[in-house]
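Examination of the molecular architecture
Here is what each chain is made of, one letter per residue.
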Amino acid sequence: HRDGAEWFAEGQLHLRKGEHEESVNAFTRAMQMGWDERISRLSRGVAHLLAEHPEKAYDDFTEVLEHDGLNTRALFYRGTATMNQGLYARASHDFTRAVEVDPTYGLALLNRAVCYAHAGRFEEAGVDIKRAMMIAETDAQRFADHMGIWRNHLEGVMGVLHEHTDLTEEDIAKLKAFFDR
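Everything numeric in this text was worked out from a predicted model, so none of it was measured.

What about the pattern of salt bridges?
- Using the criterion set out here, one finds eight salt bridges in the structure.
- Its salt-bridge partner being Arg41, residue Asp60 comes within 3.0 Å of it at the nearest N-O pair. Separated by 19 residues along the polypeptide, Asp60 in helix α4 (residues 54-67) and Arg41 in helix α3 (residues 37-50) bring together distant segments of the chain.
- When its relative accessible area of 15% is taken as the criterion, Arg41 is described as buried.
- One salt bridge in this structure joins Asp128 and Arg112, with 2.6 Å as the shortest N-O distance.

Digging into the environment of Gly45
- One can find Gly45 in helix α3.
- Look at Gly45 and you get buried, because its relative accessible area is 0%.
- Separated by 16 residues in sequence, Gly45 and Phe61 place their C-alpha atoms 6.1 Å apart.
- Every residue in contact with Gly45, bar those within four places of it in the chain, is listed here: Ala57, Asp60 and Phe61.

Quick word on the packing of aromatic side chains
- All chains considered together, the criterion is met by six aromatic pairs.
- Between Phe61 and Tyr77, the aromatic rings sit 5.6 Å apart at their centres with planes inclined by 20°, giving stacked as the arrangement. Taken together, the positions of Phe61 in helix α4 and Tyr77 in helix α5 (residues 72-84) put the pair 16 residues apart, joining distant regions of the chain.
- Geometrically, the ring pair formed by Phe76 and Tyr105 is stacked, given 5.4 Å between the ring centres and 25° between the ring planes. Here Phe76, found in helix α5, pairs with Tyr105, found in the loop between α6 (88-101) and α7 (106-118); they are 29 residues apart in sequence, far enough to count as distant.

Remarks on the nonpolar core
- Judged by nonpolar contacts, the single largest core of 35 residues is most densely connected at Phe76, Met83, Phe95 and Ala108.
- Looking at this core, the elements with two or more residues in it are α3, α4, α5, α6, α7 and α8 (122-138).
- A per-element tally of this core places α7 first, with nine residues.
- Judged by nonpolar contacts, the second largest core, of seven residues, contains Trp7, Val24, Ala30 and Ala47.

A word on the side chain of Ser92
- Among the structural elements, Ser92 can be located in helix α6.
- Residue Ser92 is classed as buried on the basis of its relative accessible area, which comes to 9%.
- Discounting chain neighbours no more than four positions away, the residues touching Ser92 are Arg112 and Cys115.

Some thoughts on α7
- The terminal C-alpha atoms of α7 lie 19 Å apart, and with 13 residues this matches the ideal 18 Å at 1.5 Å per residue to within 8%.
- Within α7, twelve of the 13 residues are buried, which leaves the element mostly enclosed by the surrounding structure.
- Buried within α7 we find Gly106, Leu107, Ala108, Leu109, Leu110, Asn111, Arg112, Ala113, Val114, Cys115, Tyr116 and Ala117.
- Of the residues trailing α7, Gly120 is marked for its positive phi of about 80°.

Rules of the game
- Residues numbered from 1 in each chain as written.
- Predicted model: local features only at pLDDT ≥ 70, side-chain atom pairs only at ≥ 80, totals over all residues.
- Heavy atoms only, no water.
- Salt bridge = Lys/Arg side-chain N within 4 Å of Asp/Glu carboxyl O.
- Helix = DSSP H or I, 4+ residues; strand = E, 2+ residues; numbered from the N terminus.
- Buried < 20%, exposed > 50% of the residue type's maximum accessible area, 1.4 Å probe, protein only.
- Contact = heavy atoms within 4.5 Å.
- Phe/Tyr/Trp six-rings, centres within 6.5 Å; stacked < 30°, edge-to-face > 60°.
- Core = buried A, V, L, I, M, F, W, Y, C linked by side-chain atoms within 4.5 Å.
- Expected span 1.5 Å × (residues − 1).

What follows is the structure, given as structure tokens:
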């Protein structure tokens, strides 16, 4: 008979192995067993996001935020789930809130830049990318841990950003080099 902590550990193991559906099931069991609802729900939301179930991920992150409205990770991931559904204007609100709570949250800045680019707000997107790049130099591990979640979004708008902002070829090259680490 496993307790909630063991189910949670199993969920983390499945997540690391890329077994997202199994991870969702284990995190659900951890919650059913009474193990830290907020952490389990946040982790299950990430597993849903990686399993390409953004609606379910959105619901989990919203539940976390109902109890902890300043949780920057839940704001970031809920924004990412929303962005993955193509709802860029709505997603930008979560990224903005995450940056208000933690001005050094470079990943939220990058995702907000993608949202801004989709809205034609290129100057603001360029500013966010430059801020995020400065943060990335000191917080490289945090960026590396989340690279796959948003890389395609950002790569899809890089050319447009270069064309419509004051981002230089060197800025774009630095960002691409960062992706290739």
